[in-house]
Amino acid sequence: MTKKIDLRGYSCPIPLLRTRDALVGCDDLTVIIDEPAARENILKYAASQNYKVDCSDGKEEWTLHIVK
Amino acid sequence: MSTVWVIVAGLAFGLGAVLLVQAGNPGNYGFCAACHLRDIAGALGIHKTPVLQYARPEIMGWVIGAFVLSKTSGEFRPRGGSAPLIRFLLGALMMLGALVFLGCPLRALLRLSGGDLNGITALAGFLAGIGSGIIFLRNGFSLGRARAISGPIAFAGYLPVIFAAALAAAVAAGASFLYFSTKGPGSQHAPVLISLVAGLITGAIAMKTRMCLSGGFRDYFLVKDTSLLKIYGLLFVSATVANMFFGSFKLGFTGQPLAHTMHLWNFLGLYLVGVSATLLGGCPLRQLIMAADGNTDAAICVLGMLAGAGAAHTLNMAASGAGVPINGQLAVAAGIVVTFAIGWMFREKALVEATV
């Protein structure tokens, strides 16, 4: 299942928790975020769960494409 | 996070805290995001406890150091608008909990490194509070989105560092509008320049590493990442060794500096801090660093902490070496109820926008 979730404006740890919830039963998730700390936390989490992440280059906003 | 930064942060905070005590700060009082802010509230006349009035430059150093790094690394971003009044209230409650224990989570660890076993009770309460806060987060708690602030009002993001710089200059100059304790803990402090430099260095490090004790436990529970906890581990070990070296390590519950032994209230005080910090997205130290980073919601939380310090001392709710007054016990109990109510009321619907 493919999902998209916009988490711009949310502060830690909500982006991580919502990403985690959204990944349940989903193997292709797109996440939009604008908090550097949240980006790092999601990348750490995805790596710990063996997901592949493609992160767009950005200065103020990032799109993470997370796939199983 | 690289191992180098873990080591740099752990040593800077651990050794820095003990060296600041050697330079003049009260016992186990090198760094404390709550007590130092409480002393600043006293210096500004927000409370009138004569022995707790000194605009501690360590805090201004944190804000300025974090701002400089944030600005030079391109991370500085003025933003805000996520339930500021609730953040103000949670900040005040977080300060109340900390002043009933007599320290923020960072000082709990520093107290333990000086042999003060009350730190264990308090840290257990803090952990339990984080656990409770996470339950609310899992059930959809959120204070809503913040948004980037652009145009002329982006200036608001600079106010914390401007205020910190002005206050640092005022305390260095001995400005007459500030209160200065002539006796008690407020009169004990390292020289201004030493405090300020220690704050500048550790503030930049806290910005770089995103140090946060509640975040450290959260990272461990959620993603098994231990880099933040390793910083606090090294901080504890280096501060303990330094305390032993200087002869300031004294193991036990009683006779500890700026501490009491009412275990239930040490536990519940930091329990309240743990719940509040989890709902706010960061412990008191992290709120100060985020405020420096352009987060005006965190700045509002810091203002709430200052107001909380004022209320705690004006209404006889704050603890002292003699223990926790009944007002403080009632206030912490009420504060826990209020945080639970906030955690329950502010739930959002699912955020998933599109499912294909």
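Up top you'll find the structure we're talking about.
Residues numbered from 1 in each chain as written. Chains lettered and ligands numbered in written order. Predicted model: local features only at pLDDT ≥ 70, side-chain atom pairs only at ≥ 80, totals over all residues. Heavy atoms only, no water.

1. Examining the overall build of chain A
Here comes step 1: Of the regular secondary structure elements, chain A holds 2 helices and 4 strands.
Here comes step 2: In sequence order, the secondary structure elements of chain A are arranged as β-α-β-α-β-β.
Here comes step 3: For 68 residues, the compact-globule estimate of 2.2 N^0.38 gives 11 Å, and chain A sits close to it at 10 Å.
Here comes step 4: Dimensions along the principal axes, computed over C-alpha positions, put chain A at roughly 30 × 20 × 20 Å.
Here comes step 5: With 68 residues in all, chain A has 53% of them scored as buried.
Here comes step 6: Taking all contacts inside chain A whose residues are at least 6 apart in sequence as the whole, residues at least 24 apart take part in 60%.
Here comes step 7: Accessible surface, chain A as shown: approximately 3,000 Å² in total, 45% of it carbon and sulfur.
Here comes step 8: Mean positive and mean negative side-chain charge positions of chain A (10 and 11 charges, respectively) differ by 5 Å. (Helix = DSSP H or I, 4+ residues; strand = E, 2+ residues; numbered from the N terminus. Rg over C-alpha atoms; globule rule 2.2 N^0.38 Å. Buried < 20%, exposed > 50% of the residue type's maximum accessible area, 1.4 Å probe, protein only. Contact = heavy atoms within 4.5 Å. Areas by Shrake-Rupley, 256 points an atom, 1.4 Å probe, with all protein chains shown as cover. Lys, Arg positive; Asp, Glu negative; His and termini not counted. Charge placed at Lys NZ, Arg CZ, Asp CG, Glu CD.)

2. Some remarks on the pairing of strand E2 (residues 28–33) of chain A
If a strand is regular, its side chains alternate between the two faces of the sheet.
Residues and elements named next belong to chain A.
Here comes step 1: Extensive coverage of E2 is indicated by the burial of 5 of its 6 residues.
Here comes step 2: One ladder, built from 5 bridges, connects strand E1 (residues 2–6) with E2; its direction is parallel. Bridging across to E2, Thr2 finds its partner in Asp28.
Here comes step 3: For the crossover from E1 across helix H1 (residues 14–22) to E2, the handedness is right-handed. (Pairing = 2+ DSSP bridges. Right-handed = clockwise from strand over helix to strand, strands pointing away.)

3. Some points on the packing of aromatic side chains
Here comes step 1: The final tally for this structure, using the stated rule, is 11 aromatic pairs over all chains.
Here comes step 2: Measuring from ring centre to ring centre gives 5.4 Å for B:Phe13 and B:Phe31, while their planes differ by 55 degrees; the resulting arrangement is tilted. Residue B:Phe13 is located in helix H1 (residues 3–22), and its partner B:Phe31 is located in the loop between H1 and helix H2 (35–43); the two are separated by 18 residues in the primary sequence.
Here comes step 3: A relative accessible area of 1% means that B:Phe13 is categorised as buried.
Here comes step 4: Aromatic pair B:Phe13 and B:Trp62: ring centres 6.3 Å apart, planes at 45 degrees, arrangement tilted. Of this pair, B:Phe13 sits in helix H1 while B:Trp62 sits in helix H3 (residues 57–72), and the two are 49 residues apart along the sequence.
Here comes step 5: The structure contains a cluster of three or more aromatic residues connected by ring pairs, namely B:Phe13, B:Phe31 and B:Trp62.
Here comes step 6: Here A:Arg39 stacks its cationic end above the ring of A:Trp62, 4.7 Å away from the centre of that ring. (Phe/Tyr/Trp six-rings, centres within 6.5 Å; stacked < 30°, edge-to-face > 60°. Lys NZ or Arg CZ within 6 Å of the ring centre and 35° of its normal.)

4. Focus on unusual backbone geometry
Here comes step 1: Geometrically, the link from A:Cys12 to A:Pro13 is a cis peptide bond, its omega value of 0 degrees lying close to zero.
Here comes step 2: Position of A:Pro13 among the secondary structure elements: in the loop between E1 and H1.
Here comes step 3: Phi at B:Leu102 takes a positive value of approximately 80 degrees, unusual for a residue other than glycine.
Here comes step 4: By the secondary structure assignment, B:Leu102 is in the loop between helix H4 (84–101) and helix H5 (105–113).
Here comes step 5: Its identity as a non-glycine residue notwithstanding, B:Leu258 has a phi of 45 degrees, on the positive side.
Here comes step 6: By the secondary structure assignment, B:Leu258 is in the loop between helix H10 (227–245) and helix H11 (263–280).
Here comes step 7: Classification of B:Leu258 by relative accessible area gives partly exposed; the value is 28%.

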